[in-house]
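# Notes for the structure review
What follows is each chain in one-letter form.
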Amino acid sequence: MRASAIFGPSSSERDLRTFRGVPQISWRIGVPASANEADVILLFGGDGTIHRHLPHLIKLQLPVLVVPRGSGNDLARALGLRSLNDSLAVWRRFVSGAGKVGAIDIGVVRTLEQNEEHYFCTVAGVGLDGEVVRRADRLPRWLRGKGGYLLTLLPVLFRFAALSMKITMTGGAPEASLGDGFRPTILAAFANVPTYGGGMKIAPQAQLDDGQLDICVIRDINKFKLLCLFPTVYFGRHLGITEVEYSQATSLQLETEYPLDVYADGEYVCQTPIEVSLKRSALRVIVSESYRK
């Protein structure tokens, strides 16, 4: 078997040592140029590292094993891979022929003005979370992985003002808007997995392979109630709050009164207006035995 290893900023070949202990594997370092150069890919990193390689990984159509080594590991979490040891156990089963390979959906953000496409694997969003991610990126990498999102969130909450957005769901059912026209909005998140920001359960009903985007929108809300709301997001208990709207769609369009930054997988991708959709079963992944149980 031929395996390729891809390393993110927080990992190196040292992380590969225990995986090399599995016999009868020929290793190469780096992204294979074509599917003829490898049989499987091990990606050591977080959501940002996966995001940067997504277009090529989708093109290769090789099974990918994610080894969570980033500051945010929400895709790995959704796949049932919470630690290096989890991924190592899955790797050993895969090499023995007992591994479980699935195909997951991938999100697509398309700019309506430039018609450019950007892939994402976890959550895309506009509003408060984008401002938090932008500020969190200034923190040391080790701190980002130890609650940096929450540390950045608290001071931003009191200064952030609602933004005027219009969200129109398209595809499948007849077109419908979340609300009527432009409305003051704190946050709009479009999810392929339940969590983002290192474990915040923004979309508790999201699944990686159901062909649906889970849409969570927080409308204008007073600052004290907003402060009380965010601890509930870690447990997915925010959906019962009046100002929170939750729905599913195969695609949607987001318009804003002026261009706003769009973040996906914790990375800046473009500005509004955008269309968000899914590419079905686009990425082959090696998953744990607990995936979807």
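Rules used in this analysis
- Residues numbered from 1 in each chain as written.
- Predicted model: local features only at pLDDT ≥ 70, side-chain atom pairs only at ≥ 80, totals over all residues.
- Heavy atoms only, no water.
- Buried < 20%, exposed > 50% of the residue type's maximum accessible area, 1.4 Å probe, protein only.
- Helix = DSSP H or I, 4+ residues; strand = E, 2+ residues; numbered from the N terminus.
- Arc of directions from axis to C-beta.
- Polar contact = N/O pair within 3.5 Å; in protein donor to acceptor, adjacent residues only side chain to side chain.
- Pairing = 2+ DSSP bridges.
- Expected span 1.5 Å × (residues − 1).

With that settled, the discussion passes to helix H7 (residues 223-233). Those residues of H7 lying buried are Leu226, Leu229, Phe230 and Val233. Down the axis of H7, the buried side of the element spans an arc of 100°, and every buried residue falls inside it. With a side-chain oxygen positioned 3.1 Å from the backbone nitrogen of Phe224, the residue opening H7 is Asn222.

The next point concerns the pairing of strand S14 (residues 261-264). Bridge analysis of strand S7 (residues 123-127) against S14 gives 2 bridges, and the strand direction is antiparallel. By the bridge assignment for S14, Gly125 is matched with Tyr263. Two strands pair when backbone bridges link them, and S14 and strand S15 (residues 267-271) are joined in this way by 4 bridges, in the antiparallel orientation. Residue Tyr263 lies in a different strand from S15, and its bridge partner there is Tyr268. Here S14 hands over to S15 after 2 residues, with Asp265 in that stretch at a positive phi of 55°.

Turning to the environment of Tyr119, a few remarks are in order. Looking at where Tyr119 falls in the secondary structure, it is placed in strand S6 (residues 117-120). Take Tyr119: its relative accessible area is 21%, and that puts it in the partly exposed class.

We now examine helix H4 (residues 84-95). Taking 1.5 Å as the rise per residue, H4 with 12 residues should run 16 Å; its terminal C-alpha atoms sit 16 Å apart, in good agreement. Every buried residue belonging to H4 is among Leu84, Ser87, Leu88, Val90, Trp91 and Phe94, and all of these are buried. The buried residues of H4 occupy an angular sector of 165° when the element is viewed end-on, so they sit on one face. Trailing H4 by a residue or two, Gly97 shows a phi angle of about 95°, which is positive.

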